[in-house]
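These are the residues of each chain, in order.
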Amino acid sequence: MSQRTLIIIKPDAVRRGLIGKIISRFEEKGFKIMDLKMFSFTRQQAERFYEPHAGKPFFQDLVDFITSGPVVAAILEAHNAVSVVRLMIGPTRSFEAPPGTIRGDFGLGLTENVIHASDSEESFNRESAIVFS
Ligand code: CMP
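Residues numbered from 1 in each chain as written. Predicted model: local features only at pLDDT ≥ 70, side-chain atom pairs only at ≥ 80, totals over all residues. Heavy atoms only, no water.

Here the focus is helix 7 (residues 121–131). Among the residues of helix 7, Ser123, Phe124, Glu127, Ser128, Ile130 and Val131 are the ones counted as buried. Each buried residue of helix 7 lies within a common arc of 155° when the element is viewed along its axis, so the set occupies one face. Where helix 7 is buried, its residues contact strand 1 (2–9), strand 2 (32–39), helix 3 (43–49), strand 3 (71–79) and strand 4 (115–117). (Buried < 20%, exposed > 50% of the residue type's maximum accessible area, 1.4 Å probe, protein only. Helix = DSSP H or I, 4+ residues; strand = E, 2+ residues; numbered from the N terminus. Arc of directions from axis to C-beta. Contact = heavy atoms within 4.5 Å.)

Our focus in this paragraph is the site of the ligand. Residues in close proximity to the ligand include Lys10, Tyr50, His53, Phe58, Leu62, Thr92, Arg103, Leu110, Thr111, Asn113 and His116, which together make up its full environment. Within the backbone of Leu110, an N or O atom sits 3.1 Å from an oxygen atom of the ligand. Interatomic distance of 3.2 Å between a side-chain N/O atom of Asn113 and an oxygen atom of the ligand. Protein contact buries 80% of the 460 Å² of open area that the ligand shows by itself. When each cavity is represented as a set of grid points, the ligand is found to reside in the largest pocket. For the shell around the ligand, a count of residues per class yields four nonpolar, five polar and two charged. (Near = heavy atom within 4 Å. Polar contact = N/O pair within 3.5 Å; in protein donor to acceptor, adjacent residues only side chain to side chain. Areas by Shrake-Rupley, 256 points an atom, 1.4 Å probe, with all protein chains shown as cover. 1 Å grid on protein atoms, 1.4 Å probe; cavity = no way out; pocket = protein on both sides within 12 Å on 5 of 7 lines; lining within 4 Å. Sits in = over half its atoms within 2 Å of the grid points. Nonpolar A, V, L, I, M, F, W, Y, C, P; charged D, E, K, R; others polar.)

Within the secondary structure layout, Thr5 lies in strand 1. When its relative accessible area of 0% is taken as the criterion, Thr5 is described as buried.

Quick look at the structure:
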């Protein structure tokens, strides 16, 4: 069954001019782009978005980073969208992400790791309500 997921091209990737390359990968893979927008997270919106990480030692860095410049958010649709997108972006630590994945090809960081994607349908519902409200 067709499923939707949310991706966010993070400020590091937007600053480096990677929007087109990253969106192209999802188009070439066969995803339908159901919604797309560029915006900047407010601090309050970022704290809600990353609420599952509240209290972790890296939480402030995460909020500082995601509010540091514009991002691009997209809702993508395909069969098994959540798991396919997670495979395509690679593991959180870009420096351990295999070549061929988006983080593996475009990043080196941990906090600054190029792209976010929902890790479940529940996360998608929660996150997309915050981003596309
Ligand atoms: P993402 O999976 O998009 O959402 C949570 C983010 O927290 C993750 O990307 C990283 O950017 C960041 N993150 C996770 N673990 C750490 C960590 N140990 N130190 C710093 N940032 C982290």
